[in-house]
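The residues making up each chain are set out below.
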Amino acid sequence: MDFLNAIVALTNFVIVPGLAYGAQLAIGALGVTLIYGILRFSNFAHGDTMAFGTMATILATWGLQSMGVGFGPLPTALLALPIGIAATGLLVLGTDRAVYKFYRDQKAKPVILVIVSMGVMFIMNGIVRFIIGVRDITFSDGERFIISARDFKEMTGLKEGLAIKTTQAITVVVAFVVVAILFYFLNKTRTGKSMRAFSDNEDLALLSGINPERVVKVTWLIVAALATVAGVLYGLDKSFKAFTYFQLLLPIFASAVVGGLGSPLGAIGGGFVIAFSEVTITYAWKKVAVYLLPENLEPTGLVQFLSTDYKFAVSFAILVIVLLIKPTGLFKGQSL
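Residues numbered from 1 in each chain as written. Predicted model: local features only at pLDDT ≥ 70, side-chain atom pairs only at ≥ 80, totals over all residues. Heavy atoms only, no water.

Engineer: Describe the overall build of the protein, listing the residues and the values that go with them.
Structural biologist: Each helix and strand in the protein was counted, giving 14 helices and two strands. Dimensions along the principal axes, computed over C-alpha positions, put the protein at roughly 70 × 55 × 40 Å. The buried share among the 336 residues of the protein stands at 48%. For the protein, the proportion of contacts with a sequence separation of at least 24, taken over those separated by at least 6, is 75%. For the protein, the accessible surface area stands at approximately 16000 Å², while carbon and sulfur atoms represent 67% of it. When the 26 positive and 19 negative side-chain charges of the protein are each reduced to one mean point, those points stand 8 Å apart. (Helix = DSSP H or I, 4+ residues; strand = E, 2+ residues; numbered from the N terminus. Buried < 20%, exposed > 50% of the residue type's maximum accessible area, 1.4 Å probe, protein only. Contact = heavy atoms within 4.5 Å. Areas by Shrake-Rupley, 256 points an atom, 1.4 Å probe, with all protein chains shown as cover. Lys, Arg positive; Asp, Glu negative; His and termini not counted. Charge placed at Lys NZ, Arg CZ, Asp CG, Glu CD.)

Here it is in structure tokens:
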């Protein structure tokens, strides 16, 4: 029975949160890796693109709620998500036309575009803060739990309870659907194949008659959709605060680099590696150890490697280690 309680505690505090967080990072890292693979630069404005998309979705959610529109047990934000994606698509296309296109036409080096994206990042962050403010915003409605800890205890008779939030389940399901659609698009559609060809060899793709401007526009629209979905899922699971998405940039980039920058499959794998590393290293293992160890060996402390304050330091440490040992990442992406 103690072993089962230990498994439930581990599932409740490590596995389930790690799966949800990993799915959010994976979708965010897919956007970063697409920009790097096709447009040839690291987009530091990606975190604030997520913030803008989430903000647009929140505003649309409030509008639907004011009209009495809901989505039953599911969050109303899922109904507002297409509006957020459309608004973000217009933003990134406008930004590309006003900013990035000039440097692309000048054949600017990738490092120049990285610096430019940092400027775009600060402008986007300022816009989001100006429109929606800097406070924490919780916009998840509907049923909070699929199963609560109390109900699980009553059903199983165990001391430990397992709570699965609706937003966690939605995150995993939506991530699976989004990834499946993206891979189908890239591998089976003509536009997707054009994007892959452009990524592999730009000059050869141009000789084959591929329209580079169309590839760029489609790439930005896909990135806008991925950023908005990732941002909304993260906001539903936790809460929305503009500056939080700036902080998320580190684990998202770490996910992309660890998996292999430029590799969509690597972005997914890297997202879960970073997520489970952060959750595992910052979890207090005392509860699990109490169930598994004899009474005379029970720990008196938290058995915590690092406090949660150092969560992002874990991402940075893994990023540095991977860059030193295997710069191309786990799935052999493009080397930085």
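Engineer: Please give an account of unusual backbone geometry that cites residues and values.
Structural biologist: The backbone phi angle of R40 is positive, close to 70°, even though this residue is not glycine. Mapped onto the elements of the fold, R40 is located in the loop between α1 (2-39) and α2 (46-66). Residue R40 is classed as partly exposed on the basis of its relative accessible area of 28%. Residues other than glycine seldom take positive phi values, yet V303 does so here, at roughly 55°. Mapped onto the elements of the fold, V303 is located in the loop between α13 (286-292) and α14 (311-325).

Engineer: Could you give me a rundown of the nonpolar core, with the residues and numbers involved?
Structural biologist: Ranked by internal contacts, the top residues of the largest apolar core, which has 79 residues, are L34, Y100, V128, W220, L226, F240 and L248. If you tally residues by element for this core, the top one is helix α9 (residues 212-237), at 15 residues. Membership of the second largest hydrophobic core comes to eight residues, among which are V279, Y283, W285 and Y291. (Core = buried A, V, L, I, M, F, W, Y, C linked by side-chain atoms within 4.5 Å.)

Engineer: Describe α2, naming the residues involved and giving the relevant values.
Structural biologist: The end-to-end C-alpha separation of α2 is 30 Å, in line with the 30 Å expected for 21 residues at 1.5 Å each. Judged by how many residues are buried, α2 sits mostly within the fold: 16 of 21 residues are covered. Backbone geometry just after α2 places G68 at a positive phi near 80°. (Expected span 1.5 Å × (residues − 1).)

Engineer: Residues and numbers for the side chain of N12, please.
Structural biologist: Relative to the elements of secondary structure, N12 occurs in helix α1. When neighbours within four sequence positions are excluded, N12 is seen to be in contact with P17, G161, L162 and A163.

Engineer: Describe the pattern of salt bridges, with residues and values.
Structural biologist: Following the criterion strictly, the structure yields six salt bridges and no others. Between R104 and E213 there is a salt bridge; the shortest N-O distance is 3.9 Å. Residue R104 is located in helix α3 (residues 77-105), and its partner E213 is located in helix α9; the two are separated by 109 residues in the primary sequence. Assessed through its relative accessible area of 26%, E213 is described here as partly exposed. Of the charged contacts in the structure, one is a salt bridge between D237 and K165, with a shortest N-O distance of 3.3 Å. (Salt bridge = Lys/Arg side-chain N within 4 Å of Asp/Glu carboxyl O.)

Engineer: Describe the packing of helix α11 (residues 249-259) against α14, naming the residues involved and giving the relevant values.
Structural biologist: Between α11 and α14, the least distance of the axes is 9 Å, while the angle of their chain directions is 25°. Between α11 and α14, the interaxial angle falls into the category roughly parallel. The element α11 and its partner α14 pack so that their crossing is left-handed. Facing α11, whose interface residues are L250, P251, A254, V257 and V258, α14 presents F312, S315, F316, I318, L319, V322 and L323. For the contact of α11 with α14, the per-class residue count stands at 11 nonpolar, one polar and no charged. (Axes fitted to C-alpha atoms, helices over the stretch in contact; angles between N-to-C directions. Parallel < 35°, antiparallel > 145°, perpendicular 65-115°, else oblique. Left-handed = near helix turned anticlockwise from the far one by under 90°. Nonpolar A, V, L, I, M, F, W, Y, C, P; charged D, E, K, R; others polar.)

Engineer: Lay out empty space enclosed by the protein in plain terms, naming residues and giving numbers.
Structural biologist: Applying the stated rule across the entire model yields two cavities of 30 Å³ or more. Approximately 40 Å³ is the volume found for the largest cavity. Surrounding the largest cavity, N43, A45, T49, V92, T95, D96, Y100, V120, M124 and W220 form its lining. Contributions of two or more residues to the lining of the largest cavity are made by α3 and α4 (110-132). In the lining of the largest cavity, the residues fall into six nonpolar, three polar and one charged. (1 Å grid on protein atoms, 1.4 Å probe; cavity = no way out; pocket = protein on both sides within 12 Å on 5 of 7 lines; lining within 4 Å. Points joined across faces, edges and corners; volume = space filled by probe spheres on them.)

Engineer: Break down the packing of helix α6 (residues 166-188) against helix α7 (residues 190-200) for me, citing the residues and quoting the values.
Structural biologist: In a pair of packed helices, the angle between the axes and the distance between the axes together describe the arrangement. Two elements in contact, α6 and α7, have axes whose closest approach is 5 Å; the angle formed by their N-to-C orientations is 75°. With respect to α7, the element α6 is oriented roughly perpendicular. Between α6, through F185, L186, N187 and K188, and α7, the contact on the second element is made entirely by R190, T191, G192, K193, M195 and R196. For the contact of α6 with α7, the residue count by class is three nonpolar, three polar and four charged.

Engineer: Which residues make up the packing of aromatic side chains, and what values do they have?
Structural biologist: Tallied over the full model, the rule gives nine aromatic pairs. An angle of 75° between the planes, with centres 5.8 Å apart, marks the rings of Y234 and Y245 as edge-to-face. With Y234 in helix α9 and Y245 in helix α10 (residues 242-247), this residue pair connects regions lying 11 residues apart in the sequence. Each member of the pair, Y234 as well as Y245, is classed as buried. An aromatic cluster is present here, built from F13, Y283 and W285 joined pairwise through their rings. In this arrangement the basic side chain of K311 is found over the ring face of Y21, its NZ or CZ atom lying 5.2 Å from the centre. Over the face of the ring belonging to F312 we find K311, whose NZ or CZ atom lies 5.4 Å from the ring centre. (Phe/Tyr/Trp six-rings, centres within 6.5 Å; stacked < 30°, edge-to-face > 60°. Lys NZ or Arg CZ within 6 Å of the ring centre and 35° of its normal.)

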